[in-house]
Amino acid sequence: MSELSPKLGQNGTIKNIDSSSTVAETEDIDFSKLSERPRPLTMERQRSYDERSFLSELSVGMSPRLSIRNIDSYSRNIDHLDTVFSPCRRSGFNTPRSAMDFEPHPMFAEAWEGLRRSLVFFRGKPVGTIAALDNSDEELNYDQVFVRDFVPSALAFLMNGEPEIVRNFLVKTLRLQSWEKKVDRFQLGEGVMPASFKVLHDPVRNSDTLIADFGESAIGRVAPVDSGFWWIILLRAYTKSTGDSTLAELPECQKGMRLILTLCLSEGFDTFPTLLCADGCCMIDRRMGVYGYPIEIQALFFMALRCALLLLKQDDQGKEFIERIVKRLHALSYHMRSYFWLDMKQLNDIYRYKTEEYSHTAVNKFNVIPDSIPEWIFDFMPTYGGYFIGNVSPARMDFRWFCLGNCVAILSSLATPEQSTAIMDLIESRWEELVGDMPLKVCYPAIKGHEWRIVTGCDPKKYKVELPQWRILASASMAPHCCLHQNWTPPDCETGHELAESRLVKDSWPEYYDGKLGRFIGKQARKFQTWSVAGYLVAKMMLEDPSHLGMISLEEDKQMKPLIKRSASWTF
């Protein structure tokens, strides 16, 4: 028996969900859409990036503002998406579904078995993967399909030539977007995507029902800011991987993107192009001091905007959003590259900042007090290397390292080639601190003592924890993408990957690890965590076939080159 042995039959909820003998839903198929000729899409598997400059090819003409119509009719009309044709194009990588021409690690097939066991079905069709199959503890919401957590699973299925699951997920979450969303008596914006959803099976009526969570049941009751961004990024990955643009071009998908963009491109009181967020609104879904302008959200925001440029039609409605996206991307890239970036030279400049400066000529534009710089950063910062810090807002700079934000910055080309190289140099220079025995730490350094009480509200899950390996979505899935993006292989990369292989199965695919080197299974970590399984598969397949990188990475846009280069660490 495989170590990935929890059966769906042991979990009554999941067993009921995975039911193909359900009442068929009567749907009106719009066959006219099947005859539409898809937009040509170049699929050169040996190229890692899109070979063109996105912004420079855009027409930024003025057009009337988008009129958002009644969302109820939108929900009714979206049902036909379930029947839209989806190609099943092979990715070119030899997986358990095809003949092997290399000797895989024994745990590779076992991981695929575990991933397929986590599938959730709605009316006989797979629509996602649950968070964990651990039956040893209270389920909480681990029996749900999380939008962000499904991303590594989706990439694994796309690389394995199984896009149907991903298409079903995109369609179902798009349908959920149209639902009325209320927390207590307050109604959320139309474009908000759910944080998660679950499928309830009624054995009496033999029917399935979707239940969505938009934050009203989440820890802290915070709506997910990142779900909409991940949805757009995944839609682009699906389109890029399959070569099929018909799904993205459907009016319902176009409208879904516009609703998301309406939320994040709206004008208000903010003087920055970054997005203001609450704590717990993203992957770190608990209080962690990331309120304000967290790097993870800004990097995902940037990547989603760039993906939207590739997916939006240049019709009257699309052109208006294209124009707004172009302007925001220019402002956002300059802001992030100028004020979030930290290397030795910039750290020394901040250390010497004067305060209480006034006028547009101020150097210390955010009035950061130099005495607020933490002591650890002076020893942590190498001579060559740098990274995007966790947060920048008035009188506050969060100098912590957040893995996912920096990885997404590289993949989306928010980071310049020089900055991307510097991030990799930092990881190599601080391998023990950032990688340890189980790559890779999501956040560094640890929070403890009085700071832990103030920042986390005494959260026991965050005490003396550097969040190592928490959510391998970041560490095992995104990190190899970044290494390939930069054509960079750290000296201990293969050793680290082999160590992870030896630990993950033995430890029953835990949710996260504790300790400075990641030697201990997390105190509250769930076993048989789906993102751990999917993250391993994505990393393995990506390293075996680097051409997969094209579905998740974006080439640098020459129109957004920074005007200022701050660091000698960028010269090699």
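On a predicted model such as this, the values are computed, not experimentally measured, just so you know. (Residues numbered from 1 in each chain as written. Predicted model: local features only at pLDDT ≥ 70, side-chain atom pairs only at ≥ 80, totals over all residues. Heavy atoms only, no water.)

1. Considerations on the nonpolar core
Here is step 1: Counting 153 residues, the largest nonpolar core has Trp231, Tyr387, Phe399 and Leu537 as the members making the most contacts within it.
Here is step 2: Among all residues touching tryptophan 231, those that are not within four sequence positions of it are Leu170, Thr173, Leu174, Met193, Cys253, Met257 and Ile260. (Core = buried A, V, L, I, M, F, W, Y, C linked by side-chain atoms within 4.5 Å. Buried < 20%, exposed > 50% of the residue type's maximum accessible area, 1.4 Å probe, protein only. Contact = heavy atoms within 4.5 Å.)

2. Describing the pairing of strand β6 (residues 196–202)
Here is step 1: Buried residues dominate β6, accounting for 5 of its 7 residues.
Here is step 2: By the bridge criterion, 2 bridges tie strand β3 (residues 145–146) to β6 in an arrangement that is antiparallel. Paired with phenylalanine 146 across the two strands is serine 196, which belongs to β6.
Here is step 3: Relative to strand β7 (residues 207–213), β6 runs antiparallel, the two sharing 7 bridges. Its bridge partner being in β7, valine 199 is matched across the sheet by leucine 210.
Here is step 4: Turn length for the β6-β7 hairpin, with the two strands adjacent in sequence and antiparallel, is 4 residues, and the turn residue asparagine 206 shows positive phi of about 55 degrees. (Helix = DSSP H or I, 4+ residues; strand = E, 2+ residues; numbered from the N terminus. Pairing = 2+ DSSP bridges.)

3. Some thoughts on the confidence of the model for the protein chain
Here is step 1: Here the protein chain averages 78 in pLDDT, and 71% of its residues register 70 or above.
Here is step 2: Predicted confidence is poor over residues 465–476, with pLDDT under 50, and the contacts of this stretch with residues over four places away or in other chains come to 71 contacts.
Here is step 3: Considering only residues more than four positions removed or in separate chains, one finds that residues 563–572, a stretch of pLDDT under 50, has 20 contacts. (pLDDT = per-residue confidence, 0-100.)

4. What to know about unusual backbone geometry
Here is step 1: With an omega of 5 degrees, the peptide bond running from tyrosine 444 to proline 445 counts as cis.
Here is step 2: Tracing the chain through its elements places proline 445 in the loop between β13 (443–444) and α16 (449–456).
Here is step 3: At asparagine 367, a position not held by glycine, the phi torsion is positive, near 55 degrees.
Here is step 4: Structurally, the position occupied by asparagine 367 is in the loop between α11 (344–351) and α12 (376–380).

5. Considering the sheet that holds β6
Here is step 1: Within the open sheet, the 3 strands sit side by side as β3-β6-β7. Their pairing is antiparallel. A single partner strand is all that each edge strand has here, and the edge strands are β3 and β7.

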